[in-house]
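Topology and contacts: notes
These are the residues of each chain, in order.
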Amino acid sequence: MDCVRPILDVANRLWDSAAKRPVYIRHLPQNLNSLRTEMEELKNLYEDVKERVEREEERQKKRLRVVDDWLRGVEAMEKEVEEILAKGDEEIQKKCLGTCCPKNCGASYNLGKMVLEKMGAVTVKKTEGSNFSVVAEPLPSPPVMERQLEKTVGQDLLFGKVWKWLQDGGEQVSSIGLYGMGGVGKTTLLTRINNELLKTRLEFDAVIWVTVSRPANVEKVQRVLFNKVEIPQDKWEGRSEDERAEEIFNVLKKKKFVLLLDDIWERLDLSKVGIPPLNPQDKLKMVLTTRSKDVCQDMEVTESIEVNCLPWEDAFALFQTKVGADTINSHPDIPKLAEMVAKECCGLPLALITIGRAMAGTKTPEEWEKKIQMLKNYPAKFPGMENCLFSRLAFSYDSLPDETIKSCFLYCSLFPEDYEISHRNIIQLWIGEGFLDEYDNIQKARNQGEEVIKSLQLACLLENGISPLDEKDEYLKMHDVIRDMALWLARENGKKKNKFVVKDGVESIRAQEVEKWKETQRISLWNTEIEEHRKPPYFPNIETFLASSVFIESFSNRFFTNMPIIRVLDLSNNFKLMKLPVEIRNLVTLQYLNLSCTSIEYLPVELKNLKNLRCLILNDMYFLESLPSQMVSSLSSLQLFSMYSTEGSAFKGYDERRLLEELEQLEHIDDISIDLTSVSSIQTLFNSHKLQRSTRWLQLVCERMNLVQLSLYIETLHIKNCFELQDVKINFEKEVVVYSKFPRHQCLNNLCDVKIFRCHKLLNLTWLICAPSLQFLSVEFCESMEKVIDDERSEVLEIEVDHLGVFSRLISLTLTWLPKLRSIYGRALPFPSLRYIRVLQCPSLRKLPFDSNTGISKKLEQIRGQKEWWDGLDWEDQAIMHNLTPYFQPTQIQDEI
């Protein structure tokens, strides 16, 4: 039986095959029609699916592989079906004598079988296509997304610096901060970095751009990263901030990426976002942009780079591209006029672009001249300035931390364009205005004022001015466009143009214009004249009247009658001003009065009435005959009194001792700057503990004085024409005298500026080792001076000396006409802060206190002296000589006089 079963199976299969053959052949026409119908339905389904896929792809999605395989399978199947249908139609045409019998039964059988099988395959395809609920998925984010960028101008050097750091790996650099004022091109530079990463395909898995803005929102940054790094939806929706941070961290820790953070205003905690610690060895990098250097520090970037305004050539090139060559070349006068307009922008790219676009199409010189006048006199009205430029720059102002700093910033706009503003002067004005009233002590208020300046500089709203190398005071300035914006803000976004009135270089201000200033809060006049008034002006709202460097010989008797709330009056540098009207007594709210560099001969006794006056400044008043008796002591609120001569010559005449006695009577006085010319007045000063504590700036001009005893609180000391002076001693506090040696930090800790001039009997200045904060030292025309610091004498004085700390903060050293000077200091010093050295007519000085161990200051800028002196110096270390030589600038005696 076992051998029979296989035979029966074969017989059954033969029978089934034989039975199906007639069916395949007989139903061929019917099956061909069915196949044709099925295929049409499949093609319709194919078109539907294809359209769905194309719509999704337009939405930046990617078709699923299974869908793509199905579409290609349908396309291949369509060709196969077409071939089968064609063969079927041909086979039917070949039937014999119109009967149902084909010529070739075997071929018809095979074709019929193929038709049925293909029908089954088509049916399967239809079922598959009908089951596609999803045909595409979101595209994975490309490593870098290109960002729109116009052609950049003037950024190549800065870009190259950042790009080299990204390209080379920079083992010690993991992050960089680009900071600068609004509109200076920080975002443009960051965009260029982003697009360059797209072109070069550096070894980074992802470049992630996040515009942070303010406030710094962790959830917003996380959302950007979610879209970029392909975190599954189910691991994101409904999760907490910490859980999302964990998911981001787990993805990014496996990647090499660059994080580009644009427009940061405050610290963003990267760990809360989920960003792994930036590690240069793993090529995890971050570049950020901000308007504040403080943010760079808060974000702990490795390198901070300031993005500055464009130099002139690049600035003018950018301006011309925005104006257009057609406009620039439309008239021969326009290129020069275009230069005038571009210079008003002071290299700020946003201003160049805004104003350049506004000038496009302006093709007559007359139109250019009108717009130049508008830009100079009414910049807020210039097209695009208010909405495009000022409103964007104002974000920096809005972000300042408190109203005090905002008020101080707006105040700086009262100075002319490009004016170098002295730190000391502006802070004194702020004190007079009451901006720093939080501090009842002038020194503390000064310190706070310096912090305000630093905050405004870090916010890139103020710039460093140019400070002379041999001058103690520092300077600041405002970029012209920032100043225009500040005036716009001070005038309540331009709505009250007379709220701040600033006039510079106006030939004459007419009385009719002055009468319009009734609503004015602050008036600032520079290099101009005021037409004489027939009737007194009425200033009910004025708080500030700055009239510096104006051409006024006198004020009418009633000029100061109607200023009921004025706090600050600055008439300094009015060289023609010879007297003050007695009506100044009406200014009972006045807190600050500056009459420096005027030609006033007599101060009105009515000044006694200014009981709220806190600051009185009378410097360089060479024509002043005297001070009214008891005037100073009557100013019961006075905290700051300044009366000195910058030229070192005595005033015409007043009783110094009486003045000192009156100052001692003032309860609140704590900042005195004064010249003293007699032995008795100098003794009066040093016999008064209160006066010693209050004196900050002291100039001694006394031929007969042979000894000076300094207080511990002095900041500036000038000793001039003291021909008999032999020694300077320190008047130590009683609580300090218990020590057998005096630590330097308990001595002249505040002394920053020392000038010694024509003191022929002084042998040295060894006491300066007790002045650790000394920044400026000038010694001139001292015939007997042999050493600046005498090491042997310091040991005799029993003063503790850290030799490496001597002159550690010295910025400027001037030594001239010292014929016997042999030594500055007995051993080499590092001079870490030194910028400027000037040595002239010191033939015995053959060595400088430098060697290879201490090195030279990294801040050194210039050494000036006679070439024969330089060539004759002795150098124990030739390497130091070679290092210093590039800083040496030869000079002649006649050039320095």
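Description of the structure in this document. (Residues numbered from 1 in each chain as written. Predicted model: local features only at pLDDT ≥ 70, side-chain atom pairs only at ≥ 80, totals over all residues. Heavy atoms only, no water.)

On the surface, Glu-47, Asp-48, Glu-51, Glu-54 and Glu-58 cluster together into a negatively charged patch. By the element assignment, Glu-51 lies in helix H2 (residues 28-58). (Patch = residues over 30% accessible without salt bridge, like charges linked within 9 Å, V, L, I, M, F, W, Y side chains within 5 Å. Areas by Shrake-Rupley, 256 points an atom, 1.4 Å probe, with all protein chains shown as cover. Salt bridge = Lys/Arg side-chain N within 4 Å of Asp/Glu carboxyl O. Lys, Arg positive; Asp, Glu negative; His and termini not counted. Charge placed at Lys NZ, Arg CZ, Asp CG, Glu CD. Helix = DSSP H or I, 4+ residues; strand = E, 2+ residues; numbered from the N terminus.)

Attention shifts here to the layout of surface pockets. Within this model, the second largest pocket holds a volume of roughly 1000 Å³. Lining the second largest pocket we find 29 residues, and of these Lys-376, Asn-377, Tyr-378, Arg-491 and Val-502 sit closest to its centre. Elements with a contribution of two residues or more to the lining of the second largest pocket: helix H15 (365-377), helix H16 (385-398), helix H20 (480-490) and strand S11 (500-504). For the lining of the second largest pocket, the residue count by class is 12 nonpolar, 4 polar and 13 charged. (1 Å grid on protein atoms, 1.4 Å probe; cavity = no way out; pocket = protein on both sides within 12 Å on 5 of 7 lines; lining within 4 Å. Points joined across faces, edges and corners; volume = space filled by probe spheres on them. Nonpolar A, V, L, I, M, F, W, Y, C, P; charged D, E, K, R; others polar.)

The next thing to look at is the packing of helix H11 (residues 312-323) against helix H14 (residues 349-359). One way to put it is that H11 packs onto H14 with a least axis distance of 7 Å and a crossing angle of 35 degrees. You can see that H11 and H14 cross each other, and the crossing is right-handed. Taking contact as the criterion, the partners of Ala-315, Leu-318, Phe-319, Lys-322 and Val-323 in H11 are, on H14, Pro-349, Leu-352, Ile-353, Ile-355, Gly-356, Arg-357 and Met-359. For the contact of H11 with H14, a count of residues per class yields 9 nonpolar, 1 polar and 2 charged. (Axes fitted to C-alpha atoms, helices over the stretch in contact; angles between N-to-C directions. Left-handed = near helix turned anticlockwise from the far one by under 90°. Contact = heavy atoms within 4.5 Å.)

Glancing now at helix H8 (residues 241-252). Taking 1.5 Å per residue, 12 residues should reach 16 Å; H8 reaches 16 Å between its end C-alpha atoms and fits that length. Within H8, burial applies to Arg-244, Ala-245, Glu-247, Ile-248 and Leu-252. End-on view of H8: buried residues confined to an arc of 160 degrees, all on one side of the axis. Looking at the packing, one finds that the buried side of H8 touches strand S4 (206-213), helix H7 (218-229), strand S5 (257-264) and helix H9 (270-273). (Expected span 1.5 Å × (residues − 1). Buried < 20%, exposed > 50% of the residue type's maximum accessible area, 1.4 Å probe, protein only. Arc of directions from axis to C-beta.)

When you tally the buried positions in S4, you get 6 out of 8 residues, the bulk of the element. Here S4 pairs with S5 via 7 bridges, running parallel. The partner of Val-207 across the bridge, within S5, is Val-258. (Pairing = 2+ DSSP bridges.)

Burial of nonpolar side chains together is a common tendency in soluble globular proteins. Residues Leu-261, Met-299, Phe-319, Phe-409, Ile-426 and Trp-430 are the most contacted members of the largest nonpolar core, which totals 128 residues. A per-element tally of this core places H20 first, with 8 residues. (Core = buried A, V, L, I, M, F, W, Y, C linked by side-chain atoms within 4.5 Å.)

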